Amino acid sequence: MRVVARVGTTLHGVSVVSWIIVGCCLVLAVWAVVLAVRNTSVTFNQLIGAAVIEVALVAQMVVAGISLAGGHDLGDPVTFWGYLITALVMMPVAAVVAFTERSRWSSVVLAVAAVVLMVMQMRVNQVWMTS
Amino acid sequence: MDDVVTAPEDVEDTRRPAYGAGRVLIFVYGVFALAATARATVQLIRDASEATFAYSLSALSAVVYILATVALAHNGRRMRRVGWITVSFELIGVLTIGTLSMLHPEYFPRDTVWSHFGQGYGYVPLVLPILGLIWMWRSSPARIAAG
């Protein structure tokens, strides 16, 4: 697996943002699992982390839009945008659960949400690199 | 009715809101409702005529996932019945389509959520309805009341 996706010498903005999001999600997932094991619900600081991921997702859409306008050849735009749009829903829903479920199970939900986002981002990266 | 209990007004319930492990199940069901809907939408927008049977199945499974999510989250008397039906339907669906996709891959030129027992989704589509049925049984008011 490439840490930074390169084609020739071009660094792809979308892939860079993608790996940043994967990293953030990994941290958030591990953090949530630790709290779940300690029998604690989601904390406010974790929700700030979730908000950072959400902002990164929006940034990724902007970067993708600019790259496409600049002539990046995208093989499957419908799948690409489908992933990006559905990804936006994950963290807000996990946040709602965090408020309504004040038990360890909200931590489990946050961990699941973070892992699902990670997998989605890997697919986003894959689709982006396929022209 | 004499046996209706009303809470005294000065008593406050200070317990933190919690539903338990079922919340995770509902969330994962929600994720699959979303994933299946997105997948079916993408397939139907992009190339509907390419594999009509497979794509119709994707759309059907999306509808069933949405119904199951709503039913599990609502947990009312009638909604629990919908929950039993939809979750059972999913189990039957993933077993039937899983077996069929192994024996007759030519029926499925494109994958569905249920092809190869949900292999493309880490077999979660196979495990999810089993967990769902266990949850429906565990949380059954009749069973809990019977002790």
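Residues numbered from 1 in each chain as written. Chains lettered and ligands numbered in written order. Predicted model: local features only at pLDDT ≥ 70, side-chain atom pairs only at ≥ 80, totals over all residues.

**Some points on helix 2 (residues 44-69) of chain A**
Residue and element names in this part refer to chain A.
Reasoning step 1: Between its first and last C-alpha atoms helix 2 spans 38 Å; for 26 residues at 1.5 Å apiece the expected length is 38 Å, and the two agree.
Reasoning step 2: If you check which residues of helix 2 are buried, you get Gln46, Gly49, Ala50, Ile53, Leu57, Gln60 and Ala64.
Reasoning step 3: Structurally, helix 2 contributes buried residues whose contacts are with helix 1 (13-37), helix 3 (77-100) and helix 4 (104-129).
Reasoning step 4: Taken from the residues just after helix 2, Gly71 is the one with a positive phi, measuring 100°. (Helix = DSSP H or I, 4+ residues; strand = E, 2+ residues; numbered from the N terminus. Expected span 1.5 Å × (residues − 1). Buried ≥ 20, exposed ≤ 12 C-beta atoms within 10 Å, placed from the backbone. Contact = placed C-beta atoms within 7 Å.)

**A few points about the interface of chain B and chain A**
Reasoning step 1: Taken together, the contact between chain B and chain A spans 17 residues of the former and 16 residues of the latter.
Reasoning step 2: By residue class, the composition of the side of chain B that touches chain A is twelve nonpolar, two polar and three charged. (Nonpolar A, V, L, I, M, F, W, Y, C, P; charged D, E, K, R; others polar.)

**Concerning the UniProt feature "transmembrane region" (unreviewed entry) in chain B**
Residue and element names in this part refer to chain B.
Reasoning step 1: The positions that UniProt labels "transmembrane region" (unreviewed entry) are, in the present scheme, residues 24-45, 51-73, 82-100 and 120-137.
Reasoning step 2: Here residues 51-73 is 96% helix and 0% strand, with 33 Å between the C-alpha atoms at its ends.
Reasoning step 3: Annotated as 78% helix and 0% strand, the span residues 120-137 places its first and last C-alpha atoms 28 Å apart. (UniProt positions renumbered as here; feature names shortened; annotations may be inferred.)

**Some words on the nonpolar core**
Reasoning step 1: Grouped together as the largest cluster of nonpolar side chains are 67 residues, with contacts concentrated most on A:Ala94, A:Val109, A:Leu110, A:Ala113, A:Leu117, B:Tyr29 and B:Phe32.
Reasoning step 2: At the level of elements, helix 1, helix 2, helix 3 and helix 4 of chain A together with helix 1 (22-47), helix 2 (52-74), helix 3 (77-103) and helix 4 (124-138) of chain B are the ones that each hand at least two residues to this core. (Core = buried A, V, L, I, M, F, W, Y, C linked by C-beta atoms within 7 Å.)

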